[in-house]
Amino acid sequence: MEMEQEKMTMNKELSPDAAAYCCSACHGDETWSYNHPIRGRAKSRSLSASPALGSTKEFRRTRSLHGPCPVTTFGPKACVLQNPQTIMHIQDPASQRLTWNKSPKSVLVIKKMRDASLLQPFKELCTHLMEENMIVYVEKKVLEDPAIASDESFGAVKKKFCTFREDYDDISNQIDFIICLGGDGTLLYASSLFQGSVPPVMAFHLGSLGFLTPFSFENFQSQVTQVIEGNAAVVLRSRLKVRVVKELRGKKTAVHNGLGENGSQAAGLDMDVGKQAMQYQVLNEVVIDRGPSSYLSNVDVYLDGHLITTVQGDGVIVSTPTGSTAYAAAAGASMIHPNVPAIMITPICPHSLSFRPIVVPAGVELKIMLSPEARNTAWVSFDGRKRQEIRHGDSISITTSCYPLPSICVRDPVSDWFESLAQCLHWNVRKKQAHFEEEEEEEEEEG
């Protein structure tokens, strides 16, 4: 009798959300109630990808990274405090599809520099885009290439370009989507141009690696048309928001158009406390290393204000899941799919056998400072750029950015990623063990 009264009281106290929880992401596949939790799904799960770019009417859903919605009650009396700001919803990667509120009109074309093999694809792409009545933006130094400047047949197209200069012209509100021609460096460069919201990026593999550039250029016309029509899957690649605070040491920083000498967005000076602050958006990783010094680097790492460790070695890498397949993988870290919300901390040649890479939840704030007992300064770079020295009193704050980079997929986020692992990193490539012949197997059974 007492137990029944207790259950009735608790059902009244629990909110409707806690008493019955329905997973909207599963489209009705799963429903849990407080009294009768149902954990299984009736439908089978397919690891197959959605079809290649071109069909939005019907595609098979990928569930490999879609965790089940958790039951929010624990035992007879405990439940999760409902707070929409802190509850994380895991999205099915296959459900991330590109759409347009309005038809795109402007496109930024980024071409790998100092590569003559890209001149013809660049010309073909730009000509096609202008035939589609698109406004094409290119960097001014691209058109200064002698091979383009001297091409009279390309002159009519060249006159229609809108040009800009990095670190001087702000084009963030003028670009509807981006097309990259080159390797992974072109995508990293595109990320650095947009310190806020990033337009969708379509990357063609015309470089040396191409882990982040899934498209081939053979059928670029149809592929570009499908993207313009809003028919594509996207993967949201999280970025890191990095704030570097330095003590002023008698040197004034030149500022042009709101950008510091290192090209950072929103560089500011606080003369009252003698500090200079710079902010960056990072797609791959932040690397703190010992630079030219022969001494080990010695930096303190804080997580949400608490000192968690001191890194003594060649340095430390703080990377996104996208960056986990870059420098972090070479330093011995695990590879993380871009849909996993996480930040990875990887030591570079640590002076300790027990120091292993760790993964922390996306959204935590890391702070890295030179240790008081450090013998020398350290150096920091952001996606391999903007390299600068870090001294005692300086700090680097790192957290997950609110502005991810939407990268357009050929098929879907899962298939594209594993294809890149196989083709670019040769992941799990090996000679297979020979199988037994049928006759040998029969002999063993008889024996």
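Our structure's up above, just so we're on the same page.
Per chain, the residues get numbers from 1 upward, laid out in the order the sequence is written. It should be noted that, the model being predicted, local features are given only for residues of pLDDT at least 70 and side-chain atom pairs only at 80 or more, the latter also being counted only at that level, while totals for whole chains, interfaces and linings use all residues. Water and hydrogen atoms were dropped before computing side-chain values, which therefore reflect all heavy atoms in the structure.

How should I be thinking about the nonpolar core in this particular structure?
Generally speaking, soluble globular proteins have nonpolar side chains that are buried together. Joining through side-chain atoms within 4.5 Å is the link that ties buried Ala, Val, Leu, Ile, Met, Phe, Trp, Tyr and Cys residues into a set, and such a set is a nonpolar core. Burial classes: relative accessible area under 20% of the type maximum marks a residue as buried, over 50% as exposed, and values in between as partly exposed (1.4 Å probe, protein chains only). Phe122, Phe161 and Ile179 are the most contacted members of the largest nonpolar core, which totals 32 residues. For this core, the secondary-structure elements that each account for two or more residues are β5 (106-111), α3 (119-131), β6 (135-139), α4 (140-143), β8 (177-182), β9 (201-205) and α8 (220-228). By residue number, the principal contributor to this core is α3, which donates 6 residues. Ignoring any residue separated from it by four or fewer positions in sequence, one finds Ile179 in contact with Val107, Leu108, Val109, Ile110, Leu125, Leu129, Met202, Phe204 and Val224. Membership of the second largest hydrophobic core comes to 29 residues, among which are Met278, Val360, Leu370 and Phe382. Secondary structure follows DSSP: runs of H or I at least 4 residues long count as helices, runs of E at least 2 residues long count as strands, and numbering of each begins at the N terminus. In this description, contact between two residues means that some pair of their heavy atoms is separated by no more than 4.5 Å.

Just checking my understanding: could you explain a nonpolar patch on the surface for this structure?
Together, Phe418, Leu425 and Trp427 give the surface a local cluster of nonpolar side chains, amounting to about 280 Å² of exposed area. Structurally, the position occupied by Trp427 is in the loop between α10 (413-424) and α11 (438-446). Patches here: salt-bridge-free residues with over 30% relative accessible area, like charges joined within 9 Å, nonpolar side chains (Val, Leu, Ile, Met, Phe, Trp, Tyr) joined within 5 Å. What sets the accessible areas is the Shrake-Rupley method with a 1.4 Å probe; for residues, cover comes only from the shown protein chains. By definition, a salt bridge exists where a carboxyl oxygen of Asp or Glu is found within 4 Å of a side-chain nitrogen of Lys or Arg.

Can you walk me through the environment of Arg237 in this structure?
One can find Arg237 in strand β10 (residues 234-237). Residues Arg237 and Pro406, 169 residues apart in the sequence, show an inter-C-alpha distance of 6.1 Å.

Sorry if this is basic, but what is going on with the pairing of strand β13 (residues 275-282) here?
Side-chain positions along a regular strand alternate between the two faces of the sheet. Burial analysis of β13 places 6 of its 8 residues in the buried class, which makes it a mostly covered element. When DSSP finds two or more bridges between two strands, those strands count as paired. In this sheet, β13 lies alongside strand β11 (residues 240-247) in antiparallel orientation, the contact comprising 8 bridges. Counterpart to Val242 in the pairing with β13 is Tyr280.

Just checking my understanding: could you explain helix α7 (residues 184-193) for this structure?
Since there are 3.6 residues in each turn of an α-helix, residues three or four apart along the chain are aligned in direction. Most of α7 is tucked away: 8 of the 10 residues are buried. Among all positions of α7, only Asp184, Thr186, Leu187, Leu188, Tyr189, Ala190, Ser191 and Leu193 are buried.

How should I be thinking about the packing of aromatic side chains in this particular structure?
Two aromatic rings, drawn from Phe, Tyr or Trp (for Trp, its six-membered ring), form a pair once their centres lie within 6.5 Å of each other, and the interplanar angle then sorts them: stacked below 30 degrees, edge-to-face above 60, tilted otherwise. Enumeration over the complete set of coordinates arrives at 10 aromatic pairs. Between Phe204 and Phe217 the ring centres are 5.5 Å apart and the planes differ by 75 degrees, which places this aromatic pair in the edge-to-face class. With Phe204 in strand β9 and Phe217 in the loop between β9 and α8, the pair connects residues that are 13 residues apart, well separated along the chain. Across this residue pair, the class does not change: Phe204 and Phe217 are buried. Consider the rings of Tyr280 and Phe382, whose centres lie 4.2 Å apart with planes at 15 degrees: the pair is stacked. Taken together, the residues span a long stretch of sequence, with Tyr280 in strand β13 and Phe382 in strand β20 (residues 378-382) at a distance of 102 residues.

Even after reading the chapter, I still don't get empty space enclosed by the protein, so can you show me in this structure?
One way to see where empty space is left: roll a probe the size of a water molecule over the atoms. Definitions used throughout: a 1 Å grid over protein atoms alone; a cavity as a set of points that fits a 1.4 Å probe which cannot get out; a pocket as an open set with protein on both sides within 12 Å along at least five of seven lines; a lining residue as one with an atom within 4 Å of a point. Grid points are joined across faces, edges and corners, and a volume is the space filled by probe spheres set on the points. Under the defined criterion, the tally for this structure stands at 4 cavities of 30 Å³ or more. Considered as a void within the structure, the largest cavity measures approximately 110 Å³ in volume. Lining the largest cavity are 13 residues, with Phe211, Val235, Arg237, Asp416 and Trp417 sitting closest to its centre. Among the elements of the structure, β10, β23 (405-408) and α10 are those that each provide at least two residues to the lining of the largest cavity. Among the elements that line the lining of the largest cavity, the one with the most residues is α10, at 4 residues. Partitioning the lining of the largest cavity into residue classes produces 9 nonpolar, 2 polar and 2 charged. Amino acids outside the nonpolar list (Ala, Val, Leu, Ile, Met, Phe, Trp, Tyr, Cys, Pro) and the charged list (Asp, Glu, Lys, Arg) are all regarded as polar, and Gly is one of them.

Got a minute to help me understand the pattern of salt bridges in this structure?
One pass over the full model with this rule turns up 7 salt bridges. For Glu139, the salt bridge goes to Lys141, with nearest N and O atoms at 3.7 Å. Relative accessible area serves as the criterion here: at 9%, Glu139 is assigned to the buried category. Ionic pairing is found between Lys275 and Glu247, a salt bridge with its closest N-O pair at 3.5 Å. A residue pair is termed long-range when its members are at least 10 positions apart, and Lys275 in strand β13 and Glu247 in strand β11 qualify at 28 residues. Here Glu247 falls in the partly exposed class, since its relative accessible area comes to 34%.

Sorry, what's going on with the side chain of Ser397 here?
Checked against the element boundaries, Ser397 lands in strand β22 (residues 395-400). A relative accessible area of 15% means that Ser397 is categorised as buried. Those residues in contact with Ser397 that sit more than four places away from it in its chain are Lys241, Val242, Arg243, Glu365, Leu366 and Lys367.

Before we go on, may I ask you to explain unusual backbone geometry in this structure?
Note: most peptide bonds trans; most residues except glycine with negative phi. Phi at Asp304 takes a positive value of approximately 50 degrees, unusual for a residue other than glycine. For Asp304, the position within the fold is in the loop between β15 (297-303) and β16 (306-319). Note on Asp304: relative accessible area 45%, which makes it partly exposed. At His426, a position not held by glycine, the phi torsion is positive, near 50 degrees. Following the sequence through the fold, His426 ends up in the loop between α10 and α11.

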